[in-house]
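Observations on the three-dimensional arrangement
Residues per chain are reported as follows:
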Protein chains: 2
Amino acid sequence: MHDIEMRSREQDLHHLTLSIEDAVRRGSIEQMHDEFEEWEAYDLATIYLTLNEAYRPRFMDALDTELLADMLSELEPRVEIEALYILSKDRAAQVLNRMDNDDLADLMGEMTDEVREYMLSIMEASERETVRELMNYGPETAGGIMTNRYVWFYAKYTVREAVEKVKHFADLTNDVQDLYVLNENKEVIGLTTYRDLVLASDTELIEHLMRENVVKVSADMDQEAVAHLFEQYDLVSIPVENTAGKLIGVVTFDDVLDVLREEADEDINKLAGTDKTIDFNTHFLTAAKRRLPWLIMLLFLGLLSGSIISIFQGTLSQVVALTFFMPMIAGMTGNTGTQSLAVVIRGLTPQNKMNGGAILRLLWRELRVGLTIGAVCGISVALVAGIWQSSFALGAVIGFSLILTIVIGTMAGTIIPVLLHKLKIDPAVASGPLITTLNDLFSLTVYFGTATLFISYLV
Amino acid sequence: MHDIEMRSREQDLHHLTLSIEDAVRRGSIEQMHDEFEEWEAYDLATIYLTLNEAYRPRFMDALDTELLADMLSELEPRVEIEALYILSKDRAAQVLNRMDNDDLADLMGEMTDEVREYMLSIMEASERETVRELMNYGPETAGGIMTNRYVWFYAKYTVREAVEKVKHFADLTNDVQDLYVLNENKEVIGLTTYRDLVLASDTELIEHLMRENVVKVSADMDQEAVAHLFEQYDLVSIPVENTAGKLIGVVTFDDVLDVLREEADEDINKLAGTDKTIDFNTHFLTAAKRRLPWLIMLLFLGLLSGSIISIFQGTLSQVVALTFFMPMIAGMTGNTGTQSLAVVIRGLTPQNKMNGGAILRLLWRELRVGLTIGAVCGISVALVAGIWQSSFALGAVIGFSLILTIVIGTMAGTIIPVLLHKLKIDPAVASGPLITTLNDLFSLTVYFGTATLFISYLV
């Protein structure tokens with residue numbers, strides 16, 4: 001069913017694309033204006049990308065300014081900037097004035113200085129100021145993703161007055177259902193919705209409809225923490241206030257969906273040591289270039305592991321069988337380390353600022369996890385190795401080393417990311433491959449160290 | 001600012017908890033009813049959890065049925081079921097009738113058969129039927145997360161008639177802003193919102209307000225694909241239809257936020273080979289038990305690597321320096337494999353059903369990525385190893401092996417997850433640790449095989 005449903009939508013889009021090309025050729029594209037109104041911005045963006053470049057300007061001419069602004073927001077920044085450049089100066093100005101300010105501020109961040117100054121210069125003064133202000137906030141904060149296209153009332157408004165205000169500003173506001181109630185200091189004191197307005201009688205006061213106790217955030221709050229509040233409270237929007245408590249913008253749920261995906265991508269990059277900008281369509285040379293810096297660093301760390309082995313060359317040449325268990329010891333340490341890292345990365349969110357007590361509890365938990373896992377694996381492998389190599393002493397050395405290295409791996413996978421987080425170092429540094437490679441170093445040192453200590457029993 | 005904001009909310013909650021305990025002791029808890037109305041369900045759930053167990057029943061008695069139902073939905077399933085058990089039979093029935101049907105169906109899935117039958121038996125017949133139907137859909141499909149608390153009109157309604165209908169059913173509907181327009185066959189033909197109703201005049205027809213071309217899904221569509229549509233189209237809700245095209249429910253954005261987090265967690269589990277149910281609060285024995293099955297499997301795979309080395313014991317004893325480069329070769333193969341895996345896991349979504357062409361393109365891309373990375377790393381390491389060990393031949397063998405194993409690692413990290421995906425095997429099997437450990441096996445075989453082939457130049 002899903003396939004059929006979506007396929008028919010794709011077919012409809014394909015037909016529409018053909019009609020557009022035909023209409024442009026016949027010079028009758030303007031007549032399709034009403035038909036375009038029926039489509040979603042995302043669909044029109046899809047059409048824009050499939051259209052022959054020569055047809056794009058006329059297609060954009062036939063769209064309402066608002067729909068065109070929405071469509072452009074669905075394109076990749078590079079394509080969007082190109083499209084804005086194709087438009088006439090007047091039309092570009094209209095579109096820029098109408099775009100979501102938060103999207104526009106992000107887009108401006110991707111432009112060269114000259115393009116940005118040109119775009120800002122053609123905008124209305126008030127819109128320009130708003131965008132300039134938004135660009136001052138970090139792109140990953142509430143301020144960076146907020147919009148100023150919200151609706152607000154005073155608590156003393158009647159429903160009729162509120163409806164009049166909503167109608168008056170209809171063209172300037174977005175279609176988010178939340179409406180804010182402010183006091184004279186522009187502080188948010190309540191929240192109401194279009195649904196409340198529909199259900200209430202005309203003479204009722206907004207202050208009787210509104211919910212108090214609105215969840216608010218400050219402009220510098222991390223976007224991941226904002227997204228978390230949306231999840232907890234099932235919000236569709238959240239008001240953003242400045243340090244004085246004044247309402248300065250609203251974050252809406254559509255931006256939050258993007259944030260959740262971005263943050264999940266970040267976590268995955270940390271684990272895999274890869275770059276989130278690599279997808280199925282990335283060119284192979286670009287993909288290789290993005291993956292190489294990490295790998296070259298890990299290559300030299302790997303050689304460092306080799307030099308540790310070379311230190312223990314004497315031990316190794318006396319008991320060659322020690323080599324057989326190297327991959328197992330190193331692998332197990334890496335694997336337990338990565339597991340611990342995954343738990344920590346998922347748990348270390350901006351709203352979860354771990355204090356000393358919480359860190360100690362986590363370390364103590366992971367220590368006991370490491371000891372438990374180490375004991376089970378160490379004893380199993382001691383038996384297998386002892387029987388395989390017919391040497392109880394060798395089995396004991398390997399089992400004991402494994403317990404020790406698993407505990408070390410667990411602790412390294414926990415301490416390193418927590419430490420980097422506390423030191424405010426980019427946590428991407430604590431990637432899975434780094435932990436794995438460091439654990440190689442630790443585990444080989446422990447393994448051969450233990451073996452050298454008990455060499456007299458092994459030979 | 002953020003800390004202060006949230007801390008003051010926490011302080012307010014703390015005060016409220018104290019007042020509740022005090023009121024319960026003085027028998028005046030009912031008087032707090034209006035105060036509770038001002039709080040979000042999530043906050044009340046937080047209070048419920050902090051309250052002494054003895055105070056919980058009276059606290060729940062003082063809540064409106066609707067608010068109580070919302071609050072219970074915010075609790076963990078286990079706690080939620082316990083809470084429903086504490087309630088009187090009549091109150092429990094009211095709450096169950098009022099809960100979101102999709103949440104309730106999920107909850108019933110967590111109950112023992114007897115508890116479920118009891119809960120179903122006390123519900124209204126119509127609600128019971130709806131929940132039973134919902135339980136037939138897979139929990140990770142559109143049908144499994146849809147609700148039936150939506151509002152619909154016919155296209156010929158005037159705005160006034162629509163508003164009357166909305167007011168009449170206000171208690172039964174949720175506060176999502178989307179309103180659906182149906183034809184006589186109950187097929188969705190349009191979409192309108194409370195905002196549209198507020199902005200339009202009373203006599204306007206719904207068919208003139210509504211947007212056509214509504215994005216719809218079938219009940220069996222995977223929840224991740226549904227979430228993707230929400231992102232693409234910036235939706236707050238999406239209608240779900242049965243095979244005949246009839247509207248049978250609506251998925252709302254709050255469920256989608258949960259889906260996005262679940263799916264991200266799944267991807268992370270695949271990379272780290274850990275269990276999503278491990279967080280900072282999991283007991284150490286539970287955490288160890290959840291991590292061990294994987295590790296034990298990997299332990300034996302690691303021993304298999306050891307037995308490969310033992311096959312090449314002859315080569316190894318002739319050129320002990322070969323051992324020094326083992327960790328580097330195995331590590332690099334594992335790391336490139338994990339990077340490829342991460343790209344594939346993020347790209348393999350339900351809506352991205354890869355066909356043969358796409359798979360071949362991906363493999364061809366990754367092959368070239370592997371060759372490029374392999375060439376750069378292989379040549380670097382050949383020089384370093386040749387100089388370190390003063391043997392050009394050894395450098396050449398190590399460099400050549402590294403190129404080969406990196407290509408193999410890249411391909412394994414790509415082919416294995418794609419293959420499992422095609423074979424519809426639980427993709428969790430293609431975890432990072434598994435790829436890493438398999439790559440250990442491949443890389444050691446290639447490395448020692450190459451060295452054995454060229455042993456005459458090395459000795």
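Residues take numbers from 1 onward in each chain, read along the sequence in its written order. To label them, take the chains in the order written and letter them from A, then take the ligands in the order written and number them from 1. Given that this is a predicted model, residues contribute local features only at a pLDDT of at least 70 and side-chain atom pairs are listed and counted only at 80 or more, while totals for whole chains, interfaces and linings are drawn from all residues. Only hydrogens and water are set aside when side-chain values are computed; all heavy atoms of the structure are taken into account.

Applied cut-off: UniProt positions are given in the numbering used here, feature names are shortened, and annotations may be inferred rather than shown by experiment.
Going by the annotation in an unreviewed UniProt entry, the name recorded for chain A is Magnesium transporter MgtE, with Paenibacillus provencensis given as the source organism. Recorded in UniProt under Subunit (unreviewed entry), the annotation for chain A is "Homodimer." Checking UniProt for chain A, the heading Sequence similarities (unreviewed entry) contains the comment "Belongs to the SLC41A transporter family."

1. Focus on the packing of aromatic side chains
All names here are of chain A. What counts, and what does not: Each Phe, Tyr or Trp ring (for Trp, its six-membered ring) is paired with any other whose centre lies within 6.5 Å, and the angle between the two planes then decides the class: stacked below 30 degrees, edge-to-face above 60, tilted in between. Here a helix means four or more residues in a row that DSSP labels H or I, a strand means two or more in a row labelled E, and each is numbered from the N terminus. Using a 1.4 Å probe on the protein chains alone, a residue whose accessible area is under 20% of its type maximum counts as buried, one over 50% counts as exposed, and one in between counts as partly exposed. Working rule: Lys NZ or Arg CZ, within 6 Å of ring centre, within 35 degrees of ring normal, means a charge sits over the ring.
This structure, assessed with the given rule, holds 23 aromatic pairs over all chains. With centroids separated by 5.3 Å and ring planes inclined at 90°, the aromatic side chains of F36 and F59 adopt a geometry described as edge-to-face. Linking F36 in helix α2 (residues 33-37) with F59 in helix α4 (residues 56-61), this pair joins segments that are 23 residues apart in sequence. Judged by its relative accessible area of 0%, F59 is buried. Among the aromatic residues, those joined into a cluster by ring pairs are W152, F153, Y154 and Y157. Over the ring of Y48 we find R56, and its NZ or CZ is 4.6 Å from the ring centre. Sitting over the face of the ring of W152, K165 holds its NZ or CZ atom 3.6 Å from the ring centroid.

2. Quick notes on the side chain of E21(B)
Residue and element names in this part refer to chain B. The line we're drawing: Positive charges are assigned to Lys and Arg, negative charges to Asp and Glu, while His and the chain termini are left out of the count. Take a side-chain nitrogen of Lys or Arg and a carboxyl oxygen of Asp or Glu: if they are within 4 Å of each other, that pair is a salt bridge. What makes two residues a contact is simply this: any of their non-hydrogen atoms within 4.5 Å.
Along the chain, the position of E21 falls in helix α1 (residues 2-26). As a buried residue without a salt bridge, E21 has its nearest oppositely charged side chain in R25, at a separation of 4.7 Å. With sequence-adjacent residues up to four places away left out, E21 is seen in contact with L51, N52 and Y55.

3. As for the sheet that holds strand β3 (residues 188-193) of chain B
Residues and elements named next belong to chain B. This is how the line gets drawn: Two strands are said to pair when DSSP picks up at least two bridges between them. To obtain an axis, a line is fitted to C-alpha atoms, over the contacting stretch when the element is a helix, and the angle between two such axes runs from 0 to 180 degrees between their N-to-C directions.
If you walk across this open sheet you meet the 3 strands as β1-β2-β3, and the pairing is mixed. Strand pairing shows two members of the sheet lacking a second neighbour, β1 (152-154) and β3, which therefore form its edges. The mean inter-strand angle of the sheet, taken between neighbouring strand axes irrespective of direction, is 35°. Of the pairings in the sheet, the one linking β1 to strand β2 (residues 178-182) comprises 3 bridges and is parallel in character. Counterpart to Y154 in the pairing with β2 is L182.

4. Here we look at the packing of helix α16 (residues 253-272) of chain A against helix α15 (residues 223-233) of chain B
We count it as follows: Throughout, the term roughly parallel applies to angles under 35 degrees, roughly antiparallel to angles over 145, roughly perpendicular to angles from 65 to 115, and oblique to all others. Put simply, a crossing is left-handed when the front helix is turned counterclockwise from the back one by less than a right angle, and right-handed when it is turned clockwise.
In contact at an axis separation of 9 Å, α16(A) and α15(B) are set at 125° when each is read in the N-to-C sense. By the angle between their axes, α16(A) is oblique relative to α15(B). Relative to α15(B), the crossing made by α16(A) is left-handed. On the side of α16(A), the interface is formed by L257(A), D258(A) and R261(A), while α15(B) contributes H228(B), F230(B) and E231(B).

5. Description of the confidence of the model for chain A
Keep this limit in mind: A residue's pLDDT is the confidence the predictor assigns to it, expressed on a 0 to 100 scale.
For chain A, per-residue confidence averages 86 on the pLDDT scale, and 95% of positions sit at 70 or higher. The ipTM for the predicted assembly is 0.74, set against a pTM of 0.75.

6. Notes on the relation of the copies chain B and chain A
Condition: What sets the superposition is a least-squares fit of C-alpha atoms, and only residues with pLDDT of at least 70 in both copies go into it.
Of the transformation placing chain B onto chain A, the axial shift is 0.0 Å and the rotation is 180°, giving an RMSD of 0.2 Å. Such a turn and shift between the copies fits a two-fold axis. Same-surface contact between copies: 100% of interface residues of chain B are shared with the interface of chain A.

7. Points about the pairing of strand β3 (residues 188-193) of chain A
All names here are of chain A. Along β3, 5 of the 6 residues are buried, which leaves the element largely enclosed by surrounding structure. Note that strand β2 (residues 178-182) and β3 share 5 bridges and pair antiparallel. Residue pairing across strands places L182 opposite V188, the latter belonging to β3. Here β2 folds back onto β3 in antiparallel fashion, the turn holding 5 residues, of which K186 has a positive phi close to 65°.

8. Some words on the interface of chain B and chain A
Rules: Buried surface area refers to the total accessible area, computed with a probe of radius 1.4 Å, that the two partners give up upon joining, counted for both partners together. Polar contacts, as used here, are pairs of N or O atoms within 3.5 Å; protein pairs need one atom able to donate a hydrogen and one able to accept it. Residues neighboring in sequence count only if both atoms are side-chain atoms. Classification used: nonpolar for Ala, Val, Leu, Ile, Met, Phe, Trp, Tyr, Cys and Pro, charged for Asp, Glu, Lys and Arg, polar for all others including Gly.
Contact with chain B, which involves 132 residues of that partner, is made by 132 residues of chain A. Carbon and sulfur atoms make up 65% of the surface buried where chain B meets chain A, a total of about 11800 Å² over both sides. The largest per-residue losses of area from chain B upon contact with chain A belong to R195(B), F280(B) and R291(B), which jointly make up 7% of the total buried on that side. For the interface between chain B and chain A, the tally reads 6 salt bridges. Across the pair E231(A) and R261(B) runs a salt bridge whose closest N-O atoms are separated by 2.8 Å. Between the two partners, chain B and chain A, sit 25 residue pairs in polar contact (both at pLDDT 80 or more). With 19 residues, helix α17 (residues 284-311) of chain B is the single largest residue contributor to the side of chain B that touches chain A. Looking at the side of chain B that touches chain A residue by residue, the class counts come to 68 nonpolar, 33 polar and 31 charged.

9. With respect to the UniProt feature "transmembrane region" (unreviewed entry) in chain A
As recorded in UniProt, the feature "transmembrane region" (unreviewed entry) lies at residues 292-312, 324-348, 369-388, 394-420 and 441-458 of chain A. In the segment residues 394-420 of chain A, helix accounts for 100% and strand for 0%; the C-alpha atoms at its two ends are 38 Å apart.

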